[in-house]
Structures are given as structure tokens and as C-alpha cells.
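Results of the structural survey
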Amino acid sequence: MSREGTPLMQQYREIKARHQDAILMFRMGDFYEMFFDDAHVASRVLGLTLTARNNGGAADVPLAGVPVKAVQEYIRRLVDQGFRVAICEQVEDPRQAKGIVRREVVETVTPGAVFADDLLDAGRHNFLCAVLVKGQALGIAAIDVSIGSFCLVRCAAADGEAMLARYAPRELLIVRGGAVGDAGPTLRAGGALVTERDGWEFDPALGREEIARLFRVHTLEGLGIGIDDDVVVGAAGALLRYVHELQPAGIPQLERPRVERSGQCMPLDEMTRRNLELVESLRTGPDVANGRGAAERSGTLLGVLDRTQTPMGARLLRQWLLAPLLDREAIIERLDAVERCLALPMVRATLRAAIDGVRDIERLAGKAASGRSSPRELRALGDSLLRLPAIGGALRDIGTAGALRAIVDGWDDCDDVSSRIRSQLVERPPSGIGDEDVIAAGADAALDELRGLRDGSRDAIAQVQAAERGRTGIASLKVGYNRVFGYFIEVTNANKHLVPDDYQRRQTLTGAERYITTALKEYEEKILHATEHIEARERALFDELREATGREILRLQSAAQRVAALDVYASLAEVAETERYVRPDVLDSFELEITGGRHPVVERMMPREKFIPNDLSLVNDARVVVLTGPNMAGKSTVLRQVGLIVLMSQMGSFVPATKARIGVVDRLFTRVGASDNLVRGQSTFMVEMAETSAILHTATDRSLVLLDEIGRGTSTYDGVSIAWAVTEHLHNTIGCKTVFATHYHELTQLADELSSLRNYNVAVREAGDEVLFLHRLQPGGADRSYGIEVGRLAGLPRQVIERARAILRLLEGEQLVSRPDGTVRTTRDATGALDPQLTLFHPASHPVLTRLREIDPEHTTPFDALKLLTELTCLAREP
């Protein structure tokens, strides 16, 4: 025996050598086996029993295995923990093999390349991305293999993190040896599995060849890819090469690439997505786990807007939410479509009823094209396509307003595809072939003939049972079947004396004996022969049907995208009606005017009519608002609702207000709250300053900046100084629309210096020591923060509140000093003068003032007064 072990283990080693970065599941009969280090990993991660396999003359091999029927669950658990899993199948019939059965890796499952439903979240895409940076340009290539979506993005490297976060990749390809941060100072993997590839794979020339070969074109210009798009082409080439390695059979479901460039959609940075709680709540954490549902989206804008009825619609809505449009005409087309759906409630109800029950056509079609769909999934696709004529009828009733025109013009019922599937498959097919009938009766004459033979033979078996009971006189005699002995006659021990001589005993049980006869074996041969031929015929017919359906992938993808868009428009119209949203007037000008604005998420958490709406106007000569007011008055809510209303407008949604005029903004920045980042070695204040710096370097005069409490993480003097300078910079240098909420009441003085700055405050009403928060904006600045009252509402002990109020009364007029015995004294001395060594804000000590304090007017002669005046004049001229 070879020192390498048995021929089987030699085959395993050869295949494993080509997939060293993956756990290799090696098919052996009804099990997938894992050997050596893979077995140890599987045993630890999956809780499998670790055994050993005899390896001929070599040492025993560590072994762990899982049943074929349960393999998907084990793959899911491995992939969820970041492992790659290579599936090695037997690719020839063991009965026909000459020696070792030939095996090949048919696919490698990674977090970014999965098809199984239990590895996917129906409401979000599952993108595999590649990133390449050249100078100040960044290229992103993104593929969702489950539906065939292929996107290319070219943007500035500074916007890389914001653009990549829109795709939320499960796996990210980068150049080997490079850091993810090479794409820009803020680019991070965001929890994705990072896969490194050799630098040559990102070569643009190779990428052009790869793309041209895949889509069978001579030039990439026809795909919208220009000669200056090397950074995008390089990323796409590396990504396609990697996907082909994972899917050796190819990816026929892959669409032509959609190319996006800077200026089409608004980049949303991490702090804006987080602070506005677009798709994840600050209370529940990042939405990164598979299978997140409506409960996990509660408290987010997505949770408010998502009333879609299909998985495709849910994914598209999420995509629109994270990519607000920058083109006014495109925004208006979406708003026209929503308005038309809103104006026809009866037709909209018919449309939503037709859409309801449509399964995930995108992913079902992708499985069909890639040869992965089961009979049950293919039938689900056919049943979903059956609903398209009704959807098309409702669509024609709605009309062609705005973006609906493109949907109507390209509508395809796909009735031929649906009819073919539904006529050939039984109504409720099993998930696999062999256990139950898959192909419908009458679909194939040869199959019907075989079934007749099988069913007739089964009837003959029943006749054998009746005949044997009559011949032997054994009323309890029965004919049965198992996989080991085939068909048999079972006789209880009490009736053994009645058994005829031609019965041949095959098995002894506790209370019975099993026999066979020559006639029974003949019937068995007929049945098994028919069953084998039925399974083979059904498999061939199903494969043919699946391939024919897969060839229609472009039509199916187009139909799915149209249904998804209709689902989103109808969903936004439904939300607008139930939540009393209005259509915003979207402009190319500077102004932002919101009347009766409401926070779409907060108002849903309160009884109707309890939320206090507010007005806000930002125009060129009043473009900066300094917003002051007490804690808990709602300043942060106002900031967030302004940002959400603008974002909703530019994604094409109606907004929570009574009236809104929205000038399109190129970027939306929010800095609300802060936390430290110990992993990156950054304090709370450092995070705050880094985020503020990013805003000041990126914002333009078309941006909207929403700031809350800048400078609070450091000393009062430093904080006020930074907040003051930031406000001046936003007003004077950038000139963008800004709302700045602060407790630094000193900033209200800026209204006297900056012509386009206005002060607003959130109103409160005082009743003795009680404070009523009115949550309503009003012009002017606030002079108190009512922090002690908030402390009382939070449940601070009564004695602490009383002590704080006593100290505040002293602080409002003078400074305090704590004594060693715990008491507090003021900073005034026995004469009532402030002690300059103890005051927080030192009084000015000018020589003129000092000399004046020394004068005794009662004992000053006119001559002395004249001399004193000359002296004071000289002192006043000193620097």
C-alpha cells in the first residue's frame, strides 16, 4: 500500500490541495465525510463525533461525517461562522465506475455565494463585492449570485465607505497584502468575510477580457463601461474570476452590469445611516444576521415604509432607501407613480391583492437557470408567474404616470413559461425526485405507460395476498416490502403449521416468519424495473423542463424587477394614505421649507395626534439655525425628522408633513450623539471630532448638515470655541443648509455677527419648580437648559435635586468653591469682591479700573483730580 494511503485517500488529497482555504465535504454514498484538519474543525464547530478511518498501511485518518439529507443545516452553521465549504460530489454512477468513483468539487459555498433559502435573508440582497483603489478613484463590483444582479460603481475614494455600505456585502475581495482601509480612511468591511486575491487578478486588461468573454461583446462601451473605467473593470475582473472558481458550472443567471457613477445617488456615510436609524435601530443593533424580520426592523424608517408583499419589493425598497436620488426629474417620476397609486385606492387594492402571494421570482428564476431548483421550487415559480396577468391588468388600470410608463411598456405576462411548468408538474410536487410523482399525468406517454405497469403490478401484489390467504387458510397472512429483502409473505408463529412447502423462509422475527415464493419474486422484478425506469424518466423530463425555464432567465428577471417596483410604489402609496403623508415639492433651488413636519418613526410609537409637528425654513439668507432648548425638549427629534423628510423626498416617497418644499441636496450629514470606539483606540471626543472633520471636508453649498452638541466631550471653553468656529465655517466658507442643536447658549450671539444665522428654541412652560415641555419650535434663543428638572424626572433622589437647585441659584450670580469639610462658599471675599484666584471666568484687571478703585472722592481736591485724570489717560493708552 502506498505511503499516501488508499486510492480513495489519494483522491481526497489531490482535491483538497486545490481547495486548501475551504472545508472539503467529500461525498461517500449517503454521507459527506471530512478528514484530517477539516474533521477536527467540524467536530469542534458542529459538535460531530470525531472518529478514524483505516488508511491501509498509512496512519489512521481523523474522520467526521454528516448525512446527505441533513447537509444544508451543517453548511449553514459553518458559513454563518465565516467558513468556506467546498462540496465534492460523486460525478459518475458507482455501479459503472472502474475503480475509484470519480469526484469533483461542484461548488464552494461562502457567505457571499449562497443559494439555499436558509442561508439568505429574503428582505435584503446577498452581495459579494470586490474593491479596487487607484489614486483618488475607487471601483466597486458587486454580484448577488442568488438573483444574478451585477453592479459596478465608480466613485471618489473618500466616498468609498458610504457607497460600499449601501451593498452591505457578506464577503469582500481586496488585493492580497492590502488593508481594507487602503480604499479610504473610513472604508471598513462592516462584518463581511474579507477574501484576499493576488494583485494580478485586479489587472484592468484581464478584466476587460473576462467581461467581454462572459457577455460575448467585442467592446465594453456597449455595456456602459468607458475606456477610463479601469478601476471598475479591474474590480469586476477579479470578482468574476473568483465567482467562476466558486461556481465551476457557471453563472447563467448573471445580468448585464449596471454602471453607476458619482452624481447619480447620494452617498450616505455610516454616522448618517446610524443616527437616522434608516435600516437598523440604535436600540437593537446592526441588521447583519440572516432572517431579520419586521420585529428587528421596528424603530427604523424601513420598518415604517415597508408594506411590500414580495421579497423582491422588500429588497428594492431597502435599496432605494440607502441610495436617495440626486436627479430631480428621476425623483419626480417616482413621486408621480406613487401619487397615481394613491389616487386610485380601489385599483391599488386590486393590484396589491394580485401581488400578494407572489413568491421570490428573482431567486426562484436564478435557481432554475443555475440548475439548482427542486420540483417544489420550480412549481412555486410557475404559480407565481400565473399571477402576472392579473397584476398587468391592474397596472393598465392605474395608467402610465411617471415611472409607471416604463413598467407598462415592457410588461410581459410570461404566460408561456407558467403554462409549461404548471402543465408538466403535479400540483404539489415533492422537494426531490424518487419518493413521490413529480411529472403530471398525461405530460409524457412513456412515463404514463411505466406508471401503469407499476400500479398494475402493485394491484397484482394485492391479488397475491388475497390468493395466498385463500390457499393457506391463514387470514392474518400479509404481503410486505422492505429495502433489504424486497417483497415477502409474513406469517405469525401461531400459523406456521399451515405454511405450504413452496414457501422459502427468509427472516425470523420475534412473533412471525417471513417467506418468499417464486411468483412473488417475479412480480417484484416487474415493479422494481418499472420504478427505476419511472425515476429515470421523471428526472430526465424535469431536467429538460428546468433547462427550458432557465433559458428564459432574462424575461423572468425583467418580470421580477417590474413586480418589485410596482410593489414598492403601492407600498409607499399605502403608507402615505394611512400615515397622512403629503407629496413634497422637489426643487433644484436652495430652499428647504417644511410645514407641520413630523418624525415618521417617533409618531408611530405615540398615540395618534400626540406628536407635536414643527415648521422649519432654511433659505439662502437664513440658511443656518442655532437650536437651543432644554434637555428632553425634542431638539434631536427635530434634527432627525428634518433629515428623514429630505431623504424620503429624494428616494421618491411622500413625507410626514402638511407641506414640504425640498431643494435637492447632494449630501446629508448628521452628527447626533457620540460614543467611544475602543477597538480603534478613539475616545468619545475623538470620534466626535473625526466625524465633524469629515463633514467640514466633504460638505458643499448644496449639502444639508445636522449637528447636535458639537464640543460637549471636552472642557466648556474648548467646546464653545470649537462649536463657534465650526458654525462660522459652515456659514461663511461652505454656505450649506445647517441646523445646529446645542446647550452652549453663547452661540446665540452669532446671530449678531452672521447675517444668515437665525436662533430658534424649543419652547417650555414653567409652573413653580415644574417644567412642561411643549416640543414646539419658536424664534429666539433659550437661556436655560433645565437639566435639574430632567434629573428629577429621571428619578434622582430628592435631596440631590434640592442641593443642586441651591447650588444653581448661587452659580447663576457667582462662583463657588468646595471646602475640605464638604461645605461650599462663594468666591467673594469679606468685602463682597470676587476673589480673582477662584473665579471660573476671571474679571478683567485693567490698570485704569484698579486705579479707580483706589480713589477716595471725599478727600480729592480739584488739583488732585486734574492730576488723576492725566494719570488715567496715560494708563488707558498702555497696551
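Below or above, wherever it landed, is the structure these notes cover.

The rules behind these values
- Residues numbered from 1 in each chain as written.
- Predicted model: local features only at pLDDT ≥ 70, side-chain atom pairs only at ≥ 80, totals over all residues.
- Heavy atoms only, no water.
- Helix = DSSP H or I, 4+ residues; strand = E, 2+ residues; numbered from the N terminus.
- Contact = heavy atoms within 4.5 Å.
- Phe/Tyr/Trp six-rings, centres within 6.5 Å; stacked < 30°, edge-to-face > 60°.
- Buried < 20%, exposed > 50% of the residue type's maximum accessible area, 1.4 Å probe, protein only.
- Pairing = 2+ DSSP bridges.
- Axes fitted to C-alpha atoms, helices over the stretch in contact; angles between N-to-C directions.

**Examining the environment of Tyr786**
Looking at the secondary structure, you find Tyr786 in the loop between β26 (770-779) and α24 (787-794). For the pair Tyr786 and Val771, spaced 15 residues apart in the sequence, the C-alpha separation amounts to 8.0 Å. Apart from residues lying up to four places away in sequence, Tyr786 is in contact with Pro630, Val764, Glu766 and Val771.

**Describing the packing of aromatic side chains**
Within the structure shown, the criterion is met by 9 aromatic pairs. Summarising the aromatic geometry, the rings of Tyr12 and Phe26 are spaced 5.4 Å apart at their centres and angled 85 degrees between planes, so their arrangement reads as edge-to-face. Separated by 14 residues along the polypeptide, Tyr12 in helix α1 (residues 7-17) and Phe26 in strand β1 (residues 23-28) bring together distant segments of the chain. Given a relative accessible area of 2%, Tyr12 falls into the buried group. With centroids separated by 6.1 Å and ring planes inclined at 65 degrees, the aromatic side chains of Phe26 and Phe35 adopt a geometry described as edge-to-face. Look at Phe35 and you get buried, because its relative accessible area is 1%.

**Observations regarding the pairing of strand β10 (residues 171-175)**
Of all 5 residues in β10, 4 are buried, a share of seventy percent or more. For β10 and strand β11 (residues 193-197), the ladder comprises 5 bridges, and the chain directions are parallel. Across the sheet, residue Leu173 finds its bridge partner in β11, namely Thr195.

**Side note on the sheet that holds strand β12 (residues 258-261)**
The strand order β11-β10-β7-β8-β9-β12 describes an open sheet built from 6 strands, whose pairing is mixed. The open sheet has two edge strands with one neighbour each: β11 and β12. Across the sheet, the mean angle separating the axes of adjacent strands is 20 degrees when strand polarity is ignored. Across the face of the sheet, helix α4 (residues 160-167) comes into contact with β7 (128-134), β8 (137-144), β9 (149-156), β10 and β12 while running at roughly 165 degrees to β9.

**A few points about the environment of Val642**
With respect to the element layout, Val642 can be found in helix α21 (residues 635-651). Assessed through its relative accessible area of 4%, Val642 is described here as buried. Taking the C-alpha atoms as reference points, Val642 and Glu593, separated by 49 residues in sequence, lie 9.8 Å from one another. Setting aside anything within four residues of it in sequence, one finds Val642 in contact with Leu592, Ile594, Leu616, Leu704 and Leu706.

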